[in-house]
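Residue-level listing of the chains:
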Amino acid sequence: MGNSHQFSFVFSLVFAMSSLAPSTSQFTILTDRGVSVITSPHNRQETLVLNESGAQNRAFAYSSNGNLLAVALETNVTIYDARNLEAAENVVSTIDLKGVIEVDFSPGGTYVSTWSRYVTKGANDAEQPRNMHVFKVADAKVVASFVQKTQNSWKPQWVQFEAFFARLSSSDVHFHIPTAELSAGGNLPVAGKISGETLSSFSVSPNQTGNSFAAVFSKEKNGVPGSVKLYDLASATSTGGAKLLSTRTLFNADSVDFMWNQDGSSILVHTHTDVDKSNQSYYGKSTLHHLTTVAPHYSSQIIDLTNPVHSISWSPNSKEYIVLHGAMPSKCTLFTVNSAHASTPSTAIYEFPPAARNTVTYSPHGRLILTAGFGNLAGDFSIWDRADFKELCTVRAANASCAMWCPDGRHILTGTIYRRLKVDNGVRVFHHSGVLVATLDAKELYGVEWRADDVAKWPMKRALSPKPEGIQDAAAVKKATLNATAGKYVPPHLRGKTGSAAVSSITKV
């Protein structure tokens, strides 16, 4: 465990003299110099460097309750108490496992899962090496080990109270009870399963109360259309097995994305095709379907959309969602949910002005809405007040590739990640009024994530928080909010020449 260091040791960080009351918001970054934790970035707090050996750092992850922080190193996975990182005894446990490049916690933080790259069975191996493991956090003991070839969707999916988890095995979804005894061969018994000949993906609902559900996607094959099926998992690990609730037939769906609302009463299924047979889109075709787990389990296609669908976000209240769709400038439509309405479980109620946006997300309280244009777009983002649909600000976050809300519901973090852009890496923190309150520059930024926390610590009042002063460094503000211009192209034989020399060369040509 390292000691606290000044920001300049690892990266350059500029703060505002904020008028906001101190909060406990915290985020972690993974850079070429190591893993560092920044606490209350808008209130001049210092950084805690957990590990300075950047080459050894692979990944990090917070538990969903924010209590734990796992850091994957070259030789082990260290799990910290994220609530008290400054303490001398802040290491909860250490897992001695080499080569881990992905980590993930169970909902309550009781278990942690790891994934390493798949390697083929060697001549001296008695069996295929297992590269995906589940450990108990408290004592770092192995609960289960599996062979998981692909990095996509490797994470086990848990029911809310960690009674069991699910994982995809070939074309079956297997359910495992983590407290069960391992077999003689070291396998965790399969307590139940959902089978399908073309089953390729699934998603378990995030219910905090009541039963958990699973949505299962099966691809089209030999003229038989694909489908999404909803299951009740109340008896998934008992004799009765998972109970089928409803089936939605899907045509021309090569893959899907699942998006549950927070209470698990509804799920949006975003379908994709690799090729648009109507030749209307180079990027294939996408559709959106709404299914409900509430009886009588209605399902419908959202038809008030234009292709493609860029981004979808559920409100924390689980009663509405927003879809960004269509060619640029894209449309932004707000839908309300009525799970008991047979013909229209989803109803469009508001249309935001068209803009060059491909990302949308609600704030943790659901009061504010962020729409942004990242990636191949300019990096502009807007903040809207859901109470009266008033636009609070439009700001440019230069070269940003991601954005995420602080748990306080008042600040937005934008990041430029190394895998997306090799220059100008770093983090910017904005107040919802558009004021830039912190900037952080890094040579190579591999990941950034807010520590999850209880939003009730920052109650959202009727009047929004006042605009803070913001940072005063004009150069830092310019760098954070203005895209660098590419400049005029100069042919190689004219580079380095100026004035009459360049003109003379052009004339001779």
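Above this text sits the structure in question.
Just so it is clear, the structure is predicted and the values come from calculations on it, not from any experiment. (Residues numbered from 1 in each chain as written. Predicted model: local features only at pLDDT ≥ 70, side-chain atom pairs only at ≥ 80, totals over all residues. Heavy atoms only, no water.)

(A) Structural context of the overall build of the protein. Broken down by element type, the protein carries two helices and 38 strands. Residue burial in the protein is summarised as follows: out of 509 residues, 51% are buried. Within the protein, counting contacts between residues at least 6 apart in sequence, those at least 24 apart form 47% of the total. Accessible surface computed for the protein: about 24,100 Å², of which carbon and sulfur atoms make up 50%. (Helix = DSSP H or I, 4+ residues; strand = E, 2+ residues; numbered from the N terminus. Buried < 20%, exposed > 50% of the residue type's maximum accessible area, 1.4 Å probe, protein only. Contact = heavy atoms within 4.5 Å. Areas by Shrake-Rupley, 256 points an atom, 1.4 Å probe, with all protein chains shown as cover.)

(B) Region of interest: the packing of aromatic side chains. Per the stated rule, a full pass over the model turns up 13 aromatic pairs. An angle of 80° between the planes, with centres 6.2 Å apart, marks the rings of Phe146 and Phe165 as edge-to-face. With Phe146 in strand β13 (residues 142–146) and Phe165 in strand β15 (residues 165–169), this pair connects stretches of sequence that are 19 residues apart. Residue classification places Phe165 among the buried positions, given a relative accessible area of 0%. Ring centres of Tyr418 and Tyr446 lie 5.8 Å apart, and the angle between their planes is 90°; on these two criteria the pair is classed as edge-to-face. Taken together, the residues Tyr418 in the loop between β35 (411–416) and β36 (426–431) and Tyr446 in strand β38 (residues 445–450) connect sequence positions 28 residues apart. Accessibility expressed as a relative area gives 32% for Tyr446, which makes it partly exposed. The rings of Tyr111, Phe146, Trp158 and Phe165 are connected pair by pair, giving a single aromatic cluster. In this arrangement the basic side chain of Lys422 is found over the ring face of Tyr418, its NZ or CZ atom lying 5.0 Å from the centre. (Phe/Tyr/Trp six-rings, centres within 6.5 Å; stacked < 30°, edge-to-face > 60°. Lys NZ or Arg CZ within 6 Å of the ring centre and 35° of its normal.)

(C) Broad picture of the sheet that holds strand β10 (residues 100–105). The strand order across the open sheet built from four strands is β10-β11-β12-β13, with neighbouring strands paired in antiparallel fashion. Lying at the two open borders of the sheet, with one neighbouring strand each, are β10 and β13. Between one strand axis and the next, the sheet turns by 20° as a mean value, whatever way the strands run. Sheet topology places strand β12 (residues 132–136) next to β13; four bridges connect them, and they run antiparallel. For Phe135, the partnering residue across the bridge sits in β13 and is Val142. (Pairing = 2+ DSSP bridges. Axes fitted to C-alpha atoms, helices over the stretch in contact; angles between N-to-C directions.)

(D) Summary view of the pattern of salt bridges. All chains considered together, the criterion is met by ten salt bridges. A salt bridge links Glu127 to Arg130, with the shortest nitrogen-to-oxygen separation between them at 3.4 Å. Among the salt bridges present, the one from Arg451 reaches Asp453, with a minimum N-O distance of 3.4 Å. Asp453 shares its class with Arg451; the two are buried. Because the salt bridges share partners, they merge into one network encompassing Arg451, Asp453 and Lys457. (Salt bridge = Lys/Arg side-chain N within 4 Å of Asp/Glu carboxyl O.)

(E) Representation of the environment of Ser113 in the model. Secondary-structure assignment places Ser113 in strand β11 (residues 111–116). For the pair Ser113 and Val143, spaced 30 residues apart in sequence, the C-alpha to C-alpha distance is 9.6 Å. Ignoring anything within four residues of it in the chain, the contact list for Ser113 reads Glu102, Val103, Asp104, His133, Val134, Trp154 and Pro156.

(F) Quick peek at unusual backbone geometry. Asn307 connects to Pro308 through a cis peptide bond whose omega is 0°. Its place among the elements puts Pro308 in the loop between β25 (299–301) and β26 (309–314). Residue Pro329 is reached from Met328 by a cis peptide bond, and omega for that bond is -5°. Topologically, Pro329 is positioned in the loop between β27 (320–325) and β28 (330–337). Phi angles above zero are rare outside glycine, and Ala140 is one such case at about 60°. Along the chain, Ala140 falls in the loop between β12 and β13.

(G) Highlighting the sheet that holds β25. Across the sheet, four strands lie side by side as β22-β23-β24-β25; this open sheet has antiparallel pairing. Each edge of the open sheet is held by one strand with a lone partner, namely β22 (255–260) and β25. Shown here is a sheet whose adjacent strand axes are inclined to one another by a mean of 20°, direction ignored. Here strand β24 (residues 286–292) pairs with β25 via three bridges, running antiparallel. Pairing of His290 across the sheet is with Ser300, part of β25.

(H) Up close: the side chain of His176. Within the secondary structure, His176 sits in strand β16 (residues 172–176). Within the structure, the side chain of His176 is placed 3.3 Å from the backbone oxygen of Leu188, a separation counted as a polar contact. Excluding its chain neighbours within four sequence positions, the residues that come into contact with His176 are Phe146, Phe164, Phe165, Arg167, Leu188, Pro189 and Val190. (Polar contact = N/O pair within 3.5 Å; in protein donor to acceptor, adjacent residues only side chain to side chain.)

(I) A look at the environment of Val173. Inspection of the secondary structure puts Val173 in strand β16. Residue classification places Val173 among the buried positions, given a relative accessible area of 1%. When residues no more than four places from it in sequence are discounted, the contact partners of Val173 are Ala166, Arg167, Leu168, Gly192, Lys193, Ile194, Leu199 and Phe202.

(J) Inspection of the nonpolar core at higher detail. One finds Phe27, Ile29, Val427 and Val448 to be the most contacted residues of the largest nonpolar core, which totals 17 residues. Those elements that place two or more of their residues in this core are β3 (26–31), β36, β37 (436–441) and β38. Leaving out residues up to four positions away in the same chain, Val427 has contacts with Phe27, Ile29, Leu413, Thr414, Gly415, Ala438, Thr439, Leu440, Leu445 and Val448. (Core = buried A, V, L, I, M, F, W, Y, C linked by side-chain atoms within 4.5 Å.)

(K) Broad picture of the pairing of β27. When you tally the buried positions in β27, you get six out of six residues, the bulk of the element. Here five bridges tie β26 to β27, and the two strands are oriented antiparallel to one another. Across the sheet, residue Val309 finds its bridge partner in β27, namely His325. The turn linking β26 back onto β27 is made up of five residues, and Ser318 within it adopts a positive phi angle of 65°. What sits between β27 and β28 in their antiparallel hairpin is a turn of four residues, with Gly326 showing a positive phi close to 90°.

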